[in-house]
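# Working through the structure, step by step
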Amino acid sequence: MKTLKYFIFLFSTFSQLLFSNNKNGRTFHEIRKTYEKMTIDDINAMPAVKLYIEKAKKENNTDKLIQGYRDGRQFDFHNKIKYADSAISMSLVHGSTGDISKDYLSKGIIYYFYHKKYKLALNEYLKAYQFLKGSNDEYHHYKVIYHLGIVKGHLGYYDEALKHFNDCISFYSSKMNEKQHENERFNYSKAYFNCLHQMTVINRYLKSFVKSDSLSELGYKLTLNNNDFALENSYFLKCIGISKYQKKEYAKAESDLKKSLPTILKRNDFAWASVVYYYLGKTSEAQSNVYSSIEYYNKIDSIFVKHAFILPEVYKGYNFLIHYYKNKDINQQLYYTNQLLKADSVISKDYAFLSSKLHKDYDRRTLIEEKEAIQKAGRNKMIFAAVLIFMGTVILIFFIVRYRKDQKIKKQYDLLQKRISDGTYMLNHLIKEHAGEYSVRKTFLTPEVTSEIKEKLEKFEQEQQFRKKGLTQQNIASKLGTNAHYLSIYINENKGMNFNKYMAELRINYITNLLNTDTKYLQYKIDALADECGIAARQNFSNLFFEINGIRPADYIKKRKQDLEIS
């Protein structure tokens, strides 16, 4: 018996050792083969993906490590941005410009498809486009163009978006006729159908209904009974259903919309699902099926609550719910009024181009009418509701004012960042001499005195002595071994400004570059930033920063944090 136990122990140890060696000895191809055909977002792929990444790190294989991060980005639903950032970081150091472009594009797609953060997506797409220049990868080039078109379409820039899709569809359709590997043929076909779908939607928004209908019918026929393009087929069927609703073919519209929904929900595309729910609600309204309308509009609200996302096309469902609950349920009426105000705020931020039109559809007058209706519910409830509606109106006005202010701040921030990126804001540019030859100077400073002051002042700037508080023209002149009058003349002639302006420019330029290059300063309070650059008073610092940069330091810090996605 003792011998048997000993044999089992040895066998177990040997088996584990053998299994461990086999596991560690697997090639990258063998590991990846276990999951490369799995469905996107299938978390079951992640153990093998993590093994692939660990092996790449252990062997210091940067190409495989980039691929591993890309695989993690594809399969780990909850950590897509993390893996996307890791892939970008590696590509920036070890990859080609084409690799960098592809990884920025993929991060943008995550923002677009999974989070519906269109402005963030657009930022990543623009970075992808920037690194695309000089690349011969036509497929990737048009993929970037396509995604730029999508975001522009969602933000309301329809004509620009349509041009993107027209360019893409010309390219993809030409490639579909060439002899290619089945994977390439699939990619080009999928891209072609997605372009066709986007053109269908944009033409409907532009009220080119005949064009929109012909495109949706074409796309539906080309993708029918093809499992590879089941999602695309559902998109086209959705468009056909919407068209039938607009033609008042309500029963047929309802049938098509319901058929399109399961595949869209399975892919977790809550944006287009909300559109389907909206038009199902509209068809129910048209058929006097009130309870079905309420059910569908509530589904839109559920998406809004869960994802803080709503499309301009569907938010009017709240109008129906508010009017339905008038004099029936004051709590429900107030809830949907509040939700409409929230939706209006979200849309104003994410859909700037459309915000002015949307405010006209449900503006202050509508809220006042709701207030008058709610007053009938009783004095106590009327007071509560009146306060709520008043607050809603104030909030609405606040968001409009803040939106305009934010746009102005963004413009100034972008101008400042452009100067920094162009290299026209660096300290060494600020100290450039503006005067001509000594012979054309208007004062009596000799070339020798001018040269001496110039040399000492450059040292003063390079050593950042201007950061000391309480500096005056007199004590700086003493430090430089000259007199205040000569120093004043030199600064006026060679810097093109007076002494106070010169010191302010040096200090604000210095702190602005720190805020732009070192994230730790973004956590500093305004007092600490003022102290860092040698300005004694917080308000004086804020005023000088605004005067020189066109933006308050608090606003600049906020925009910079948004750019870098840090809290």
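As the structure is a prediction and not an experimental result, all values here were calculated from the model.

As a rule of thumb, soluble globular proteins bury nonpolar side chains together. Of all hydrophobic cores here, the largest spans 82 residues; its most connected members are Tyr172, Ile310 and Tyr318. A total of ten residues in this core trace back to one element, the largest contributor, which is helix H14 (residues 270–286). Excluding residues that lie within four positions of it along the chain, Tyr318 makes contacts with Asp301, Phe304, Ile310, Tyr336, Gln339, Leu340 and Ala343. In this structure, Leu506, Ile508, Cys533 and Ile557 belong to the second largest nonpolar core, which totals 44 residues.

What follows is about the packing of aromatic side chains. Counted under the stated rule, the structure contains 34 aromatic pairs. Relative to Tyr336, the ring of Tyr325 has its centre 5.8 Å away and its plane inclined at 20°; by these criteria the two rings are stacked. One end of the pair, Tyr325, is in the loop between helix H16 (317–324) and helix H17 (330–350); the other, Tyr336, is in helix H17, with eleven residues separating them in the sequence. Judged by relative accessible area, Tyr336 falls into the buried class, the value being 3%. Here the aromatic residues Tyr245, Tyr250, Tyr278, Tyr279, Tyr297, Tyr318, Phe320, Tyr324, Tyr325, Tyr335 and Tyr336 are joined through ring pairs into a cluster of three or more. Across the ring face of Phe28, the terminal group of Lys55 is positioned such that the distance to the ring centre comes to 5.1 Å.

Let us now look at helix H22 (residues 447–462). The first and last C-alpha atoms of H22 sit 22 Å apart over 16 residues, in line with the 22 Å expected at 1.5 Å per residue. If you check which residues of H22 are buried, you get Thr450, Ile453, Leu457, Phe460 and Glu461. Down the axis of H22, the buried set is contained in an arc of 90°. They therefore lie on one face. Turned more than 90 degrees from where H22 packs its buried face, Glu448, Glu455 and Gln462 sit exposed.

On to a nonpolar patch on the surface, then. Judged by side-chain polarity, Val387, Phe390, Met391, Val394 and Ile395 come together as a nonpolar surface patch covering roughly 460 Å² of accessible area. One can find Val394 in helix H20 (residues 379–422).

Looking now at the environment of Ser255. Position of Ser255 relative to the elements: it lies in helix H13 (residues 250–266). Sequence separation between Ser255 and Gly241 is 14 residues; the distance between their C-alpha atoms is 7.6 Å.

Bringing the confidence of the model for the chain into the picture now. Low-pLDDT portions of the prediction should not be read for the details of their coordinates. For the chain, per-residue confidence averages 83 on the pLDDT scale, and 86% of positions sit at 70 or higher. Between the elements of the chain, mean pLDDT differs from a low of 40, seen in helix H18 (residues 352–361), to a high of 96, seen in helix H12 (residues 230–246). Every residue in residues 4–23 is under pLDDT 50, and counting partners more than four places away or in other chains gives one contact. Low pLDDT, under 50, characterises residues 427–441; the predicted model gives this stretch 31 contacts beyond four residues in sequence or across chains.

With their axes 8 Å apart at the nearest point, helix H3 (residues 46–58) and helix H4 (residues 62–75) run at an angle of 160° to one another. When the axis of H3 is compared with that of H4, the two are roughly antiparallel. Here the hand of the crossing between H3 and H4 comes out left-handed. For the pair H3 and H4, the contacting residues are Met46, Val49, Tyr52, Ile53, Ala56 and Lys57 in the first and Lys64, Leu65, Gln67, Gly68, Tyr69, Asp71, Gly72 and Phe75 in the second. Split into classes, the residues belonging to the contact of H3 with H4 amount to eight nonpolar, three polar and three charged.

The next thing to look at is the pattern of salt bridges. Pairing is possible between side chains that carry opposite charge, provided their charged atoms lie close to one another. Inspection of every chain in the model, using the stated rule, returns 28 salt bridges. Glu452 is the salt-bridge partner of Lys456, the closest N and O atoms lying 3.0 Å from each other. Placement of both Lys456 and Glu452 in helix H22 is noted, with a separation of four residues, approximately one turn of the helix. Overall, the relative accessible area of 31% leaves Lys456 in the partly exposed class. A relative accessible area of 39% places Glu452 in the partly exposed class. When the shortest N-O distance is used, the salt bridge between Glu532 and Arg467 registers 2.8 Å. Here Glu532, found in helix H26 (residues 526–533), pairs with Arg467, found in the loop between H22 and helix H23 (473–479); they are 65 residues apart in sequence, far enough to count as distant. Bridged by salt links that share partners, the residues Arg70, Arg73, Asp99 and Asp103 form one connected network.

What counts and how
Residues numbered from 1 in each chain as written. Predicted model: local features only at pLDDT ≥ 70, side-chain atom pairs only at ≥ 80, totals over all residues. Heavy atoms only, no water. Core = buried A, V, L, I, M, F, W, Y, C linked by side-chain atoms within 4.5 Å. Buried < 20%, exposed > 50% of the residue type's maximum accessible area, 1.4 Å probe, protein only. Helix = DSSP H or I, 4+ residues; strand = E, 2+ residues; numbered from the N terminus. Contact = heavy atoms within 4.5 Å. Phe/Tyr/Trp six-rings, centres within 6.5 Å; stacked < 30°, edge-to-face > 60°. Lys NZ or Arg CZ within 6 Å of the ring centre and 35° of its normal. Expected span 1.5 Å × (residues − 1). Arc of directions from axis to C-beta. Patch = residues over 30% accessible without salt bridge, like charges linked within 9 Å, V, L, I, M, F, W, Y side chains within 5 Å. Areas by Shrake-Rupley, 256 points an atom, 1.4 Å probe, with all protein chains shown as cover. Salt bridge = Lys/Arg side-chain N within 4 Å of Asp/Glu carboxyl O. pLDDT = per-residue confidence, 0-100. Axes fitted to C-alpha atoms, helices over the stretch in contact; angles between N-to-C directions. Parallel < 35°, antiparallel > 145°, perpendicular 65-115°, else oblique. Left-handed = near helix turned anticlockwise from the far one by under 90°. Nonpolar A, V, L, I, M, F, W, Y, C, P; charged D, E, K, R; others polar.

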